[in-house]
Structure formats: structure tokens, C-alpha cells
Amino acid sequence: MTYFLFLTIGFAIIWLAINIKEEVLRISTVIMGTLLSIWGFSLSPTPFQVAIEVVGVVSVFSFCVQCWSKD
């Protein structure tokens, strides 16, 4: 269950970084949030990882199909 804690904290830090106006603080906060999110994702169970990867591939594929149809 620690993976959920890391994912939650990581996404909360990324959300906080979006609201920061100072550029250097924003970059460092996003990097920290991204590292925590990656750490949480790597600790998560395999079915959760596969589900997230499938959602990512399907969303990218649908976007690519839309781009191909415009040509």
C-alpha cells in the first residue's frame, strides 16, 4: 500500500508545482513530484502497472489515428 502513498504525494506535488509562479521552484518541484510518482509506480503491483500501460497505449494510439486521418 506504500505505492499508493508515493503516487498520491507525487501527484499532489506536481499539482502544487503547477500553481507556483517562480520558475526555478516550479522546475525543482515537478522533478521531485515526478520522481516520487515513478517510485510509486515501480512499487505498485503488476496488474496495476499493466492497466496503466494499456490505458496509455490506447490513448496514444487513438491520438495517432486522429493525426493519420487528417492527412
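Source: prediction; values computed, not measured.

## Re the packing of aromatic side chains
Thinking step 1. As enumerated under the stated definition, the model contains two aromatic pairs in all.
Thinking step 2. Ring geometry for Tyr3 against Phe48: centres 5.9 Å apart, planes inclined by 50°, an arrangement best described as tilted. Taken together, the residues span a long stretch of sequence, with Tyr3 in helix α1 (residues 2-19) and Phe48 in helix α3 (residues 46-70) at a distance of 45 residues.
Thinking step 3. Residue classification places Phe48 among the partly exposed positions, given a relative accessible area of 30%.
Thinking step 4. Plain terms: the ring middles of Phe6 and Trp39 are 4.4 Å apart, the flat faces sit at 20° to each other, and that makes the pair stacked.

## Concerning the side chain of Ser44
Thinking step 1. For Ser44, the location among the structural elements is in the loop between α2 (23-43) and α3.
Thinking step 2. Relative accessible area serves as the criterion here: at 6%, Ser44 is assigned to the buried category.
Thinking step 3. Among the polar contacts made by the side chain of Ser44, one reaches the main-chain carbonyl oxygen of Phe41 at a distance of 2.6 Å.

## Topic: the packing of α1 against α2
Thinking step 1. Following both chains from N to C, one finds α1 and α2 inclined at 160°, their axes separated by 7 Å at the closest point. Here α2 runs roughly antiparallel to α1, going by the angle between their axes. In the packing of α1 onto α2, the handedness of the crossing is left-handed. Facing Thr2, Tyr3, Phe6, Leu7, Ile9, Gly10, Phe11, Ile13, Ile14, Ala17 and Ile18 of α1, the residues of α2 in contact are Arg26, Thr29, Val30, Met32, Gly33, Thr34, Leu36, Ser37, Trp39, Gly40, Phe41 and Leu43.
Thinking step 2. Partitioning the contact of α1 with α2 into residue classes produces 15 nonpolar, seven polar and one charged.

Rules used in this analysis
- Residues numbered from 1 in each chain as written.
- Predicted model: local features only at pLDDT ≥ 70, side-chain atom pairs only at ≥ 80, totals over all residues.
- Heavy atoms only, no water.
- Phe/Tyr/Trp six-rings, centres within 6.5 Å; stacked < 30°, edge-to-face > 60°.
- Helix = DSSP H or I, 4+ residues; strand = E, 2+ residues; numbered from the N terminus.
- Buried < 20%, exposed > 50% of the residue type's maximum accessible area, 1.4 Å probe, protein only.
- Polar contact = N/O pair within 3.5 Å; in protein donor to acceptor, adjacent residues only side chain to side chain.
- Axes fitted to C-alpha atoms, helices over the stretch in contact; angles between N-to-C directions.
- Parallel < 35°, antiparallel > 145°, perpendicular 65-115°, else oblique.
- Left-handed = near helix turned anticlockwise from the far one by under 90°.
- Contact = heavy atoms within 4.5 Å.
- Nonpolar A, V, L, I, M, F, W, Y, C, P; charged D, E, K, R; others polar.

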